[in-house]
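# Coordinate analysis (summary)
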Amino acid sequence: MRSSYLFTSESVSEGHPDKVADQISDAIVDLFLSKDPEARIACETLTTTQLVVLAGEIRCKGVYENGAWAPGAQEEIEKTVRATVKRIGYEQEGFHWESFRFENNLHGQSAHIAQGVDASGNKDEGAGDQGIMFGYAADDTPDLMPATLYYSHKILEVMAADRHSGAAAFLEPDAKSQVTLRYEGSKPVACTAIVVSTQHGKGYDEGAKEAELHAYVKSVVAKVIPAALLSADTVYHINPTGSFEIGGPDGDAGLTGRKIIVDTYGGASPHGGGAFSGKDPTKVDRSAAYITRYLAKNIVAAGLAQRCTIQLAYAIGVAKPLSLYVDTHGTGTVGDDKIEEAIGKIAKLGGMTPRGIRTHLGLNKPIYQKTAAYGHFGRKPEGDFFPWEKTDLVDDLKAALA
């Protein structure tokens, strides 16, 4: 590792057009899983000016079976989509939850995919697709996430909370953030640059109102980033292009799955390429990415490493992973090969098959819409939500290594 370097991560708000699409897709996943825990969903969303379009493949008891929609199912889907946009806060001329045009182009899952994925006879449930998935953890923050991404998310979360509460009523839903930190010896020591672009009400690019917006953003940064990292040398770029009144899907089309680095580790770790939102947990793009984060976080929490990257690989229709790779980046207290062996000894992981992952983490539940803004990782596990953020595997890892 270099002893001194700058690193940057970005985040986008719940009102960013791509994140609107992600949240709609995951609202559909939750709706279907609430009806049928074994539902199959691959839901893509397009958002643009006064339009939301759904497309993809589904199978769900009581909703879509044998090529036909159940009575009232399509109306419930549209109601769910509009409620999601309303919760985010879009009531603008160019994108309003109550009046946008809606198209539902979801259709039945391919029978050829189903025969490879479904369990039958002596065949275990196979992976929903081929691919490689990565998990990562680092001791930068208490949640074992890269600090640059952690702070980028938190800035936008605070701003969204202030918008919803009315404490910053001049804010509109669309926003982006970016944080640059200087690292010395792998630890963040200074914040060198902050970028925040936020949609605002009319007139907030003029005089006193612009100054108020800038002062507000700096106050949020001061709440989120430790004072020891901020200084007179920290450079701020707040709405650097000027006016930002037209935003969200009216300003830029949104698509599901275009913010995968925001969703994961802010560039601090490799990414296999597969998006998460809109997919049920038989899709290893999602479930295997969750189990690799779970493993990496527990390895760091157990004191076995300061940083850890894990890769899994799968083939469509095949249950067992093709490979497991652990890299502690030279920070491990035991060999990476020993950690790989220890993971293989932990029976509760179910061999990290799709069914084993879903069973251990309890993924066949409507828990996904919350993941679709401000990152899938580094979140607080509460009830059924974010079970991959638990550190309940620490003792098992230590026992397997004993």
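Residues numbered from 1 in each chain as written. Predicted model: local features only at pLDDT ≥ 70, side-chain atom pairs only at ≥ 80, totals over all residues. Heavy atoms only, no water.

Here we come to the packing of aromatic side chains. Within this structure, the stated rule accounts for 14 aromatic pairs. Between the aromatic rings of F170 and Y204, the centroid separation amounts to 4.8 Å while the plane-to-plane angle is 20°, which identifies the pairing as stacked. Within this pair, whereas F170 is found in the loop between α4 (147–165) and β10 (171–184), its partner Y204 is found in the loop between β11 (187–200) and α5 (207–224), the two being separated by 34 residues in sequence. Exposure class is identical for F170 and Y204. Each is buried. Judged by centre distance (5.6 Å) and plane angle (90°), the ring pair of F170 and Y216 falls under edge-to-face. Taken as a pair, F170 in the loop between α4 and β10 and Y216 in helix α5 lie far apart in primary sequence, 46 residues in all. Neither F170 nor Y216 differs from the other in exposure class; each is buried. (Phe/Tyr/Trp six-rings, centres within 6.5 Å; stacked < 30°, edge-to-face > 60°. Helix = DSSP H or I, 4+ residues; strand = E, 2+ residues; numbered from the N terminus. Buried < 20%, exposed > 50% of the residue type's maximum accessible area, 1.4 Å probe, protein only.)

If you look at the biggest cluster of nonpolar residues, it comprises 71 residues, and the most contacted ones within it are F32 and I343. Among the elements that take part in this core, helix α8 (residues 284–301) stands out by supplying 10 residues, more than any other. Both of domain 2 (17–117) and domain 3 (131–138 + 262–401) provide at least three residues apiece to this core. Filtering out sequence-adjacent residues up to four positions away, F32 remains in contact with A39, I41, I58, C60, V63, I77 and L106. V179, I194, V220 and I225 belong to the second largest nonpolar core, which has 31 residues in total. (Core = buried A, V, L, I, M, F, W, Y, C linked by side-chain atoms within 4.5 Å. Domains from an automatic or database assignment. Contact = heavy atoms within 4.5 Å.)

Time to look at the UniProt feature "domain: S-adenosylmethionine synthetase C-terminal" (unreviewed entry) in the protein. The UniProt feature table records "domain: S-adenosylmethionine synthetase C-terminal" (unreviewed entry) at residues 246–390. With 30% helix and 10% strand, the stretch residues 246–390 has end C-alpha atoms that lie 40 Å from each other. (UniProt positions renumbered as here; feature names shortened; annotations may be inferred.)

Another point: the domain arrangement of the protein. Taken as a whole, the protein is organised into domain 1 (4–13 + 147–246), domain 2 (17–117) and domain 3 (131–138 + 262–401). Computed from C-alpha coordinates alone, the two centres of domain 2 and domain 3 are separated by 27 Å. If you look at the interface, domain 2 gives 21 residues, while domain 3 gives 22 residues. Between domain 2 and domain 3 the total buried area reaches about 1700 Å² when both faces are included, carbon and sulfur atoms providing 49% of it. Of all residues in domain 2, K19, D26 and D30 give up the largest surface area on contact with domain 3, accounting jointly for 30% of the area buried on that side. In this assembly, domain 2 and domain 3 are joined by three salt bridges. Between R286 and D26 there is a salt bridge, with its nearest N and O atoms 2.9 Å apart. At the junction of domain 2 and domain 3, the tally comes to 14 residue pairs in polar contact (both at pLDDT 80 or more). At the level of elements, α1 (17–35), β2 (40–48) and α2 (73–88) are the ones that each hand at least two residues to the side of domain 2 that touches domain 3. With 10 residues, the top contributor of residues to the side of domain 2 that touches domain 3 is α1. Broken down by class, the residue content of the side of domain 2 that touches domain 3 amounts to eight nonpolar, six polar and seven charged. (Buried area = accessible area lost by both parts, 1.4 Å probe. Salt bridge = Lys/Arg side-chain N within 4 Å of Asp/Glu carboxyl O. Polar contact = N/O pair within 3.5 Å; in protein donor to acceptor, adjacent residues only side chain to side chain. Nonpolar A, V, L, I, M, F, W, Y, C, P; charged D, E, K, R; others polar.)

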